[in-house]
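Here are the chains, one letter per residue:
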Amino acid sequence: MKLLENSTYTVLKGNHAVSVGAKLARVEVISAYPITPQTTIVELLSEMVASGELRARFITVESEHSAMAGCIGASLAGARAFTATSAQGLALMHEMLHWAAGARAPIVMANVNRAMAPPWSIWTEQTDSLSQRDTGWMQIYNESNQEALDSVILAYKVAEQVRVPAMIVLDAFILSHTSEPVEVYPQEVVDAYLPPYENPNALNLEHPHAIGSLADPNVYMEFRYKLQKAHEEALRVFKEEGQRFKEYFGRAYDTLEAFYLDDADYVLVTAGSMTSTAKYTVAQLREKGEKVGILKIRLFRPFPFEDVRNALRGRKKVAVIDRNISFGHSGIFYSEIKSALYRDSGAPPVFGYIAGLGGRDVRPNDIVEIYEDLKQREEPAEPILWKGVRV
Amino acid sequence: MAMRLALKGLGNRVMATIPACCWTIIDGAWPNHALKIPLMHTAFETAAIAASGIRAALDVKGEEDVTVMAWAGDGGTFDIGLQALSGAAERNENIIYVTYDNEAYMNTGIQRSSATPYGAWTTTTPVKHPESRPKKNIMEIMAAHRIPYAATATIAFPDDFVRKFRKAKDIVGMRFFHILSPCPPGWKIPSDMSVKVARMAVETKVFPLYEIEDGERVTINYWPEGRPVRDYLMMQGRFKHLTDEQIEHIQQFVDHQWKRLVHLHELTHGSLPEEAQATLTSR
Ligand SMILES: Cc1ncc(C[n+]2csc(CCOP(=O)(O)OP(=O)(O)O)c2C)c(N)n1
Ligand SMILES: [Mg+2]
């Protein structure tokens with residue numbers, strides 16, 4: 001689109017890229033509470049509201065639980081609502097995450113991945129967001145600051161069509177506090193892509209109805225069926241809007257991203273910023289003739305079963321690198337990927353590596369070692385192959 | 001009934017939110033909806049912030065004239081919802097927050113809350129160990145936030161009730177109502193006694209009718225003839241185990257609280273009406 005000529009490249013930290021994305025999406029109500037490393041997202045938004053640059057109400061709530069409850073009230077009363085949080089804050093919201101999805105409030109929230117306490121940590125890990133996986137939220141994992149900005153806009157676009165809330169996820173510090181050049185689109189282009197929020201089911205004085213009333217066993221299940229159907233629809237809409245995104249902004253997005261995948265025998269599956277390290281490493285391995293590629297998971301909920309199957313079918317071996325853990329089980333992406341491949345003829349053996357918990361660096365050398373380990377590994381292996389743990 | 005009086009005072013441009021409580025059921029199961037206003041059910045501890053969220057949305061959409069009301073039980077207000085309520089009060093959110101206080105968690109089957117008064121039976125304060133602490137003073141807590149308006153009311157005084165809601169409607173900022181709402185099964189009273197019991201709570205000064213403006217100016221709206229608290233307590237099965245000593249303890253507590261309130265009224269208005277003196281001496 002011609003208008004894009006007016007785009008500006010700005011050096012932005014990941015958090016500020018999210019704030020700018022929210023501003024471009026013209027969010028109307030922000031209800032938020034501080035927590036490291038999220039805080040600077042809402043600080044910048046608060047400044048934008050104060051200066052009049054963004055026409056919105058900012059509610060300085062007393063907790064994350066209220067941050068989400070405030071967003072739900074605003075969203076169901078017809079305003080585009082936004083918040084951001086991390087780790088303890090996200091966990092405190094848990095009840096209201098179910099509520100937002102159950103009430104079909106298309107809120108968008110940024111979660112900056114941070115490891116859960118105790119012991120206290122402010123560094124990155126995906127267990128916080130992944131442990132909210134069954135709340136009915138969409139989850140979009142981001143690798144770069146540009147992706148984070150774009151995901152805010154895309155998330156509203158999808159969420160409001162299917163009336164399902166969406167969480168966009170980025171790594172603590174590695175993205176949140178690291179500056180990168182980010183293309184900031186002209187407002188007119190964003191407006192053309194993302195129309196104002198309208199919720200036909202919003203609270204309405206002319207047609208008073210009740211939202212969220214008691215549903216007995218005769219009707220409750222149908223509400224849940226509809227939410228699941230909305231997620232299935234969201235998958236289709238996400239793919240469609242991800243392509244349309246390119247017409248407006250020059251970048252296309254899909255549920256997954258492939259890197260050197262076409263002819264790869266060995267595949268590393270990653271999500272979030274670790275993907276960039278993996279890409280750098282894989283490019284080097286390719287130069288040495290290694291047939292290795294990367295499958296990056298962008299959309300975790302709704303889960304892109306079909307895309308995952310198609311991407312992995314016929315490979316020799318797959319290593320899923322998880323910066324998260326479900327205790328007593330395994331890495332979470334690992335178990336999800338395996339479930340997608342179950343009984344698919346041509347499904348490769350999948351190995352689960354856990355690395356980088358609590359923000360421990362995952363360096364190119366670690367990726368090389370995982371790859372070397374993968375090549376020589378035979379099935380069956382333990383469900384968790386630890387990488388870099390000092391025991 | 002309290003809801004009917006409230007809406008009578010507020011008119012029909014009202015949106016409401018209700019957390020988990022008996023009213024979750026009273027409005028009707030899906031798809032029924034008894035109230036004639038838009039209603040959003042919300043989680044137990046979120047009435048004040050849910051209302052604030054609705055308010056924020058209406059404000060950005062330019063619908064400032066719509067009144068937003070949160071309607072919550074005592075548990076949802078004095079206990080689990082206090083944090084969000086304090087936040088909304090401190091921010092002076094432009095909402096009306098009503099707690100209908102039946103002095104226990106009734107929805108879950110009569111468990112004590114911090115609004116349960118001294119001496120009362122509930123299923124978690126059985127007769128052998130009845131409630132040992134006085135009721136939390138929610139009006140003082142709200143006044144401490146220096147909100148523009150806080151008032152008590154009961155269905156036994158409908159004119160006072162409606163007048164206060166009309167008044168509140170035209171005030172901008174956080175408005176708080178504490179409504180004493182007898183619950184027949186929870187208080188072990190016959191249902192046709194609800195209004196009489198509520199009236200007796202006021203007449204015995206157990207539940208005075210008053211307003212606090214800007215957190216400081218106190219006005220007593222009704223000067224009861226002053227009857228012994230025993231008359232109120234003995235109407236209700238939940239107090240029937242009380243000893244004379246315990247009743248005397250309650251009487252002294254109520255007298256003391258009333259004196260404090262009268263003093264605050266006098267501080268506010270510079271003098272006391274004639275009928276006040278009698279209330280300080282008689283029992
Ligand atoms: C987080 C949470 N904890 C507990 C409950 C269960 N619960 C629902 S209603 C209720 C009691 C409500 O008491 P109150 O606010 O006094 O209202 P009432 O039922 O007396 O009208 C409880 C404990 C809940 N819904 N949510
Ligand atoms: Mg109660």
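Here, every reference points to the structure presented above.
Residues numbered from 1 in each chain as written. Chains lettered and ligands numbered in written order. Predicted model: local features only at pLDDT ≥ 70, side-chain atom pairs only at ≥ 80, totals over all residues. Heavy atoms only, no water.

Caption draft 1: The overall build of chain A, seen in detail. Helix and strand content of chain A: 13 helices and 16 strands. Over its C-alpha trace chain A gives a radius of gyration of 21 Å, about what one expects of a compact globule, namely 21 Å for 391 residues. For chain A, the spread of C-alpha atoms along the principal axes amounts to about 65 × 55 × 45 Å. The buried share among the 391 residues of chain A stands at 59%. When contacts within chain A are restricted to residue pairs at least 6 apart in sequence, long-range pairs at least 24 apart make up 82% of them. When the accessible surface of chain A is totalled, it reaches about 15600 Å², and 52% of it is carbon and sulfur. Between the averaged position of the 41 positive side-chain charges in chain A and that of its 49 negative side-chain charges there is a distance of 2 Å. (Helix = DSSP H or I, 4+ residues; strand = E, 2+ residues; numbered from the N terminus. Rg over C-alpha atoms; globule rule 2.2 N^0.38 Å. Buried < 20%, exposed > 50% of the residue type's maximum accessible area, 1.4 Å probe, protein only. Contact = heavy atoms within 4.5 Å. Areas by Shrake-Rupley, 256 points an atom, 1.4 Å probe, with all protein chains shown as cover. Lys, Arg positive; Asp, Glu negative; His and termini not counted. Charge placed at Lys NZ, Arg CZ, Asp CG, Glu CD.)

Caption draft 2: Focus on the sheet that holds strand β6 (residues 175–180) of chain B. Spatially, nine strands are ordered β9(A)-β2(B)-β1(B)-β3(B)-β4(B)-β6(B)-β5(B)-β7(B)-β8(B) in an open sheet, and the strand pairing comes out mixed. Strand pairing shows two members of the sheet lacking a second neighbour, β9 (210–211) of chain A together with β8 (217–220) of chain B, which therefore form its edges. As judged from the four bridges shared by strand β1 (residues 14–18) of chain B and strand β3 (residues 67–73) of chain B, these two strands associate in the parallel manner. Each bridged residue has a counterpart across the sheet, and for Met-15 of chain B the counterpart in β3 of chain B is Val-68 of chain B. Sitting on the sheet, helix α11 (residues 244–269) of chain B is in contact with β7 (210–213) and β8 of chain B, with an inclination near 115° to β8 of chain B. (Pairing = 2+ DSSP bridges. Axes fitted to C-alpha atoms, helices over the stretch in contact; angles between N-to-C directions.)

Caption draft 3: Structural detail: the coordination of the magnesium ion (ligand 2). Residue and element names in this part refer to chain B. Here the magnesium ion (ligand 2) is held by the protein donor atoms Asp-74 (OD), Asn-102 (OD1) and Ala-104 (O), which lie 1.9 to 2.1 Å from it. Mapping the donors of the magnesium ion (ligand 2) onto the primary sequence yields the spacing D-x27-N-x1-A. Remark: Ala-104 occurs in the loop between β4 (96–101) and α6 (138–143) and Asp-74 occurs in the loop between β3 and α4 (75–79); sequence separation between them is 30 residues. Ala-104 sits in the buried class, given a relative accessible area of 3%. (Donors = N, O, S within 2.8 Å, 3.2 Å for Na, K, Ca; no water.)

Caption draft 4: Representation of unusual backbone geometry in the model. Geometrically, the link from Pro-118 of chain A to Pro-119 of chain A is a cis peptide bond, its omega value of -10° lying close to zero. You can see Pro-119 of chain A is positioned in the loop between β5 (108–113) and α6 (127–130). Here Trp-30 of chain B and Pro-31 of chain B are connected by a cis peptide whose omega angle stands at 0°. Along the polypeptide, Pro-31 of chain B turns up in the loop between α2 (22–26) and β2 (39–41). Within the chain, Phe-173 of chain A stands out as a residue other than glycine whose phi angle is a positive 60°. By secondary structure assignment, the location of Phe-173 of chain A is in the loop between β7 (166–171) and β8 (179–184). We classify Phe-173 of chain A as partly exposed; its relative accessible area is 23%.

Caption draft 5: Quick peek at the nonpolar core. One finds Ile-30, Met-68 and Phe-82 of chain A to be the most contacted residues of the largest nonpolar core, which totals 154 residues. Here this core spans two domains, since at least three of its residues come from each of domain 1 (8–195 + 210–249) and domain 2 (256–386) of chain A. With sequence-adjacent residues up to four places away left out, Met-68 of chain A is seen in contact with Thr-83, Met-93, Met-96, Leu-97, Ala-100, Ile-107, Met-109 and Trp-137 of chain A. Residues Leu-5, Leu-10, Leu-39 and Ala-151 of chain B belong to the second largest nonpolar core, which totals 31 residues. (Core = buried A, V, L, I, M, F, W, Y, C linked by side-chain atoms within 4.5 Å. Domains from an automatic or database assignment.)

Caption draft 6: Just the interface of chain B and chain A, in detail. Across the contact, 38 residues belong to chain B and 36 residues belong to chain A. Surface buried jointly by chain B and chain A totals about 3000 Å² across both partners, of which 67% is contributed by carbon and sulfur atoms. The tally of links between chain B and chain A comes to two salt bridges. A salt bridge links Glu-93 of chain B to Arg-57 of chain A, with the nearest nitrogen and oxygen atoms 3.4 Å apart. In this assembly, chain B and chain A are joined by 12 residue pairs in polar contact (both at pLDDT 80 or more). Of all the secondary structure elements, the ones that give two or more residues to the side of chain B that touches chain A are β1, β2, α3 (47–60) and α5 (82–90) of chain B. A total of 10 residues in the side of chain B that touches chain A trace back to one element, the largest contributor, which is α3 of chain B. Classifying every residue of the side of chain B that touches chain A by side-chain character gives 18 nonpolar, 11 polar and nine charged. Sheet analysis places β9 of chain A next to β2 of chain B, joined by two bridges and oriented parallel. (Buried area = accessible area lost by both parts, 1.4 Å probe. Salt bridge = Lys/Arg side-chain N within 4 Å of Asp/Glu carboxyl O. Polar contact = N/O pair within 3.5 Å; in protein donor to acceptor, adjacent residues only side chain to side chain. Nonpolar A, V, L, I, M, F, W, Y, C, P; charged D, E, K, R; others polar.)

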